[in-house]
Amino acid sequence: MQTLKKQSALWAPVVALMITLVIHIEMPNKQLANSGYYTMLISFLTFIFAVWAISSNFKQKWCEKLSYYSLFITVVILLTLIYEIITLKEGLLPLPFFPSPVKILEAYVTDWAVLLKSVAYSMRLLILGYIIGMMLGIPSGLMLGWYKKFGYWMNPIVRIIGPIPATAWIPVILVAFPTSFSGSVFLIALSVWFPVTVMTCSGVCNLNKSYFEIARTLGADERYQLLKIALPGAAPTIFVGMFMGLGSAYATLIAAEMLGVKAGLGWYINWAQGWAEYYKLYAALGISALMCSGCTSLLFKVRDRILVWQKGTVKW
Amino acid sequence: MSKKFIAFLLAIMVTTVFVMTGCGSDKKTAADQDKNKTKTERVYKIGYWGGTCEAPIFAAYENKIAEKLGIKVELVLMSGRNTAEMLSTGKVDAVLASPGSFKGIEQGMDMVLVDSAHTGCIQASAPINSPINSAADLKGKRVGVDAMGGPLMAYLTNELKRHGIDSKTDVEWKVYPPPQLQTAMDKGEIDCFGTWDPFPQIPVNEGKAKIIWSNTTMSPYKDYTCCFVGVNGKVVREEPEVAKNIQAFFKAGGEFCNTQPDEVAKMMVEKKYTGGTPELNAQLIKDYKWYSDPARGLKDWKWHVKIFKDVGVFDAATNPEELIQKSYKILE
């Protein structure tokens with residue numbers, strides 16, 4: 001059994017959730033919404049956290065994890081409760097711009113099939129676009145940083161094309177590409193290509209000259225220098241570019257899915273916006289944020305593996 | 001970093017956020033701001049997005065109707081997407097409310113319709129050699145639209161129902177931005193497309209397409225108002241005089257469209273209010289019927305609410321009477 005102080009940290013989320021449940025059920029609603037689903041969700045979460053808190057008394061690892069996240073989780077629950085009060089219960093914020101959490105949950109419940117399909121379609125687009133963007137970005141960034149002649153032509157192109165917003169490309173893309181799907185993939189790839197190229201080039205250019213000089217004296221040819229020194233040396237900066245590309249890709253999704261797709265998060269968001277159904281918009285954004293966060297974590301894991309040699313030397 | 005330094009950094013961030021949002025709210029609404037000044041300085045902000053069917057706004061503005069009514073009018077360009085938001089948050093006082101705003105109204109946008117504006121302005125076209133001649137031929141086809149559940153999709157769904165076609169399973173709907181719909185059709189990605197004018201009309205005029213559906217020429221749509229005069233709800237409730245002046249402004253503009261369509265079209269293109277050629281705009285303006293008739297507007301709005309509810313664009317939970325009561329007002 002844990003100390004009293006530790007127990008309060010473990011049980012804080014459960015307490016916050018129970019307060020939420022009571023207020024949600026007892027306070028009268030001033031807006032129209034189906035409260036049933038939310039009640040079920042909160043009850044379910046209370047059960048989960050209660051189980052976690054109880055078993056934390058017996059399993060050390062679970063105890064550590066819960067007490068670490070407890071403060072954040074509790075604050076989030078309380079903030080959501082406050083938001084619910086000012087929207088659903090008191091009606092202080094104007095509809096339809098500020099839907100209550102209860103209404104947003106409704107979107108998940110009623111549209112879960114469409115949302116799931118949209119997630120699948122968007123993931124397909126994102127994965128394809130991201131891989132292509134990276135495959136084009138890293139080599140072009142390497143060459144930009146290495147060969148002056150390449151930079152002579154590529155630098156202006158990168159600078160002019162990079163900042164063009166995705167929506168401005170739409171008319172051109174629809175005409176130039178054979179299908180609108182390839183056009184959509186191109187848009188995503190473009191948004192990833194720009195930060196990856198710039199960062200790769202920057203990474204190469206910022207490498208200590210002495211590495212190359214020493215390698216040359218030891219007989220390294222150009223290929224060796226490029227692939228075994230420049231590329232690994234620029235790797236940390238390349239990863240920065242990849243993270244930026246990830247965010248770019250998600251942001252471009254809305255524009256990319258304007259071109260006649262059958263489903264997708266951007267398509268769903270456009271639809272919800274057109275119908276002023278903001279609760280659906282926020283629901284989709286929530287999913288998008290979760291997906292992006294998941295991808296970022298995945299990318300971090302990859303980075304930690306590849307850049308493991310850095311672990312002792314930099315702030316990490 | 002010392003605690004003081006951290007606090008200092010946080011303070012800068014918080015102050016920046018507050019300054020940004022604070023500067024925004026100084027503007028408040030057009031109504032509030034001008035109410036504080038004297039009556040003669042109340043500037044009417046009328047929003048537009050540059051469509052042919054907003055001709056009454058431009059006609060009235062250029063023909064100095066504002067002076068005749070003793071008011072000051074300012075035209076505000078908005079992007080087509082956020083007309084309803086601009087209106088209901090008070091950034092503009094009135095717009096020409098197209099069916100694109102109807103769903104927003106149902107969702108709680110504070111826009112009140114006060115009068116009818118005109119019939120027709122939404123059409124659908126297919127390639128000239130296409131086997132599609134009307135909504136009856138759309139089973140299994142791909143239809144390009146400007147928005148899911150938008151006006152064209154709503155009307156077309158209604159048509160499909162009349163021909164026993166299920167819009168959810170028998171037809172594939174694909175969304176493109178309106179200027180790209182014709183390109184998508186030319187490339188064969190869709191079999192036909194529909195949206196508001198002038199996009200469906202352009203390939204028809206070029207001899208490349210034919211109209212397969214139109215609410216300008218086909219029954220029963222041609223007998224019902226398509227676009228209305230939409231006024232900010234707050235203005236209707238708190239400044240009825242302003243609302244009446246807005247109604248008169250639109251009415252006068254509509255009359256110009258009836259009596260001098262060619263001049264209005266020429267002016268609109270010259271002053272860059274809208275795109276396309278004067279001939280195209282004149283053709284469209286002549287096709288629509290322009291009239292100011294609040295009572296008829298109410299009847300037509302009721303019809304729209306029924307149709308939109310039947311095809312599922314409006315929520316099943318929406319109460320039609322309550323919606324109509326809240327969103328339409330005949331000004332005395």
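If you're wondering where the values come from, they're calculated on a predicted model, not measured in any experiment. (Residues numbered from 1 in each chain as written. Chains lettered and ligands numbered in written order. Predicted model: local features only at pLDDT ≥ 70, side-chain atom pairs only at ≥ 80, totals over all residues. Heavy atoms only, no water.)

Draft legend 1. Fine view of the packing of aromatic side chains. One pass over the full model with this rule turns up 28 aromatic pairs over all chains. Relative to A:W52, the ring of A:F49 has its centre 5.9 Å away and its plane inclined at 25 degrees; by these criteria the two rings are stacked. One end of the pair, A:F49, and the other, A:W52, are both in helix α2 (residues 35-56), three residues apart, so they sit about a helical turn from each other. Residue class for A:F49 comes out buried when judged on its relative accessible area of 12%. Relative accessible area serves as the criterion here: at 22%, A:W52 is assigned to the partly exposed category. Between B:Y155 and B:Y221 the ring centres are 5.7 Å apart and the planes differ by 70 degrees, which places this aromatic pair in the edge-to-face class. Taken together, the positions of B:Y155 in helix α7 (residues 151-162) and B:Y221 in the loop between β9 (209-214) and β10 (225-232) put the pair 66 residues apart, joining distant regions of the chain. Using a relative accessible area of 1% as the deciding quantity, one classes B:Y155 as buried. Ring-pair connections join several aromatic residues into one group, and the members of that group are B:F102, B:Y155, B:W213, B:Y221, B:Y224, B:F228, B:W301, B:W303, B:F308, B:F314 and B:Y328. Over the ring of A:Y279 we find A:K103, and its NZ or CZ is 4.4 Å from the ring centre. In this structure, B:R42 is placed above the aromatic ring of B:Y44, and the distance from its NZ or CZ to the ring centre is 5.5 Å. (Phe/Tyr/Trp six-rings, centres within 6.5 Å; stacked < 30°, edge-to-face > 60°. Helix = DSSP H or I, 4+ residues; strand = E, 2+ residues; numbered from the N terminus. Buried < 20%, exposed > 50% of the residue type's maximum accessible area, 1.4 Å probe, protein only. Lys NZ or Arg CZ within 6 Å of the ring centre and 35° of its normal.)

Draft legend 2. The nonpolar core, seen in detail. B:W173, B:F250, B:V264 and B:W301 are the most contacted members of the largest nonpolar core, which totals 165 residues. Element by element, the count of residues in this core is highest for helix α10 (residues 222-256) of chain A, at 15 residues. In contact with B:W301, other than residues within four places in its own chain, are B:F102, B:I105, B:L113, B:F228, B:I324, B:S327 and B:Y328. With 17 residues, the next largest nonpolar core counts A:L10, A:V14, A:A16 and A:F49 among its residues. (Core = buried A, V, L, I, M, F, W, Y, C linked by side-chain atoms within 4.5 Å. Contact = heavy atoms within 4.5 Å.)

Draft legend 3. Highlighting helix α8 (residues 180-205) of chain A. In a regular helix each residue adds 1.5 Å, so 26 residues correspond to 38 Å; α8(A) covers 37 Å between its end C-alpha atoms and thus fits that length. For α8(A), the buried fraction is high: 19 of the 26 residues fall into the buried class. (Expected span 1.5 Å × (residues − 1).)

Draft legend 4. Molecular detail of the interface of chain B and chain A. Listed per partner, the contact involves 26 residues of chain B and 25 residues of chain A. Interface area, chain B with chain A, both sides summed: about 2,000 Å², of which 58% is carbon and sulfur. At the boundary of chain B and chain A, one finds one salt bridge. As a salt-bridge pair, B:K103 and A:E277 come within 3.7 Å of each other at their nearest N and O atoms. Our enumeration of links across chain B and chain A arrives at five residue pairs in polar contact (both at pLDDT 80 or more). Residue assignment for the side of chain B that touches chain A shows that the elements contributing at least two residues are α5 (83-88), α6 (102-106), β7 (172-175) and α8 (178-186) of chain B. When grouped by side-chain class, the residues that make up the side of chain B that touches chain A number seven nonpolar, 11 polar and eight charged. (Buried area = accessible area lost by both parts, 1.4 Å probe. Salt bridge = Lys/Arg side-chain N within 4 Å of Asp/Glu carboxyl O. Polar contact = N/O pair within 3.5 Å; in protein donor to acceptor, adjacent residues only side chain to side chain. Nonpolar A, V, L, I, M, F, W, Y, C, P; charged D, E, K, R; others polar.)

Draft legend 5. Structural view of the sheet that holds β7(B). Residue and element names in this part refer to chain B. On the basis of which strands lie adjacent, the open sheet formed by five strands has the order β7-β6-β8-β5-β9 and mixed pairing. If you trace the sheet from one side to the other, it starts and ends with β7 and β9, each paired once. Averaged over all pairs of adjacent strands, the angle between strand axes in this sheet comes to 30 degrees, irrespective of strand direction. Two elements, strand β6 (residues 142-145) and strand β8 (residues 192-196), share two bridges in a ladder whose sense is parallel. Looking across to β8, one finds that G144 is bridged to F193. (Pairing = 2+ DSSP bridges. Axes fitted to C-alpha atoms, helices over the stretch in contact; angles between N-to-C directions.)

Draft legend 6. Expanded view of the pairing of β8(B). All names here are of chain B. Along β8, four of the five residues are buried, which leaves the element largely enclosed by surrounding structure. Note: strand β5 (residues 122-127) against β8, four bridges, orientation antiparallel. Paired with Q123 across the two strands is T195, which belongs to β8.

Draft legend 7. Broad picture of the side chain of B:T157. Within the secondary structure, B:T157 sits in helix α7. Setting aside residues no more than four positions away along its own chain, B:T157 makes contact with B:S167, B:W173 and B:V311.

Draft legend 8. Representation of the packing of helix α7 (residues 166-176) of chain A against α8(A) within the structure. Residues and elements named next belong to chain A. Where α7 meets α8, the closest approach of the two axes is 10 Å, and the angle between their N-to-C directions is 145 degrees. In terms of crossing hand, the pair formed by α7 and α8 is right-handed. In contact with A166, W169, I173 and L174 of α7, α8 contributes S180, G183, F186, L187 and L190. When its residues are assigned to classes, the contact of α7 with α8 shows seven nonpolar, two polar and no charged. (Left-handed = near helix turned anticlockwise from the far one by under 90°.)

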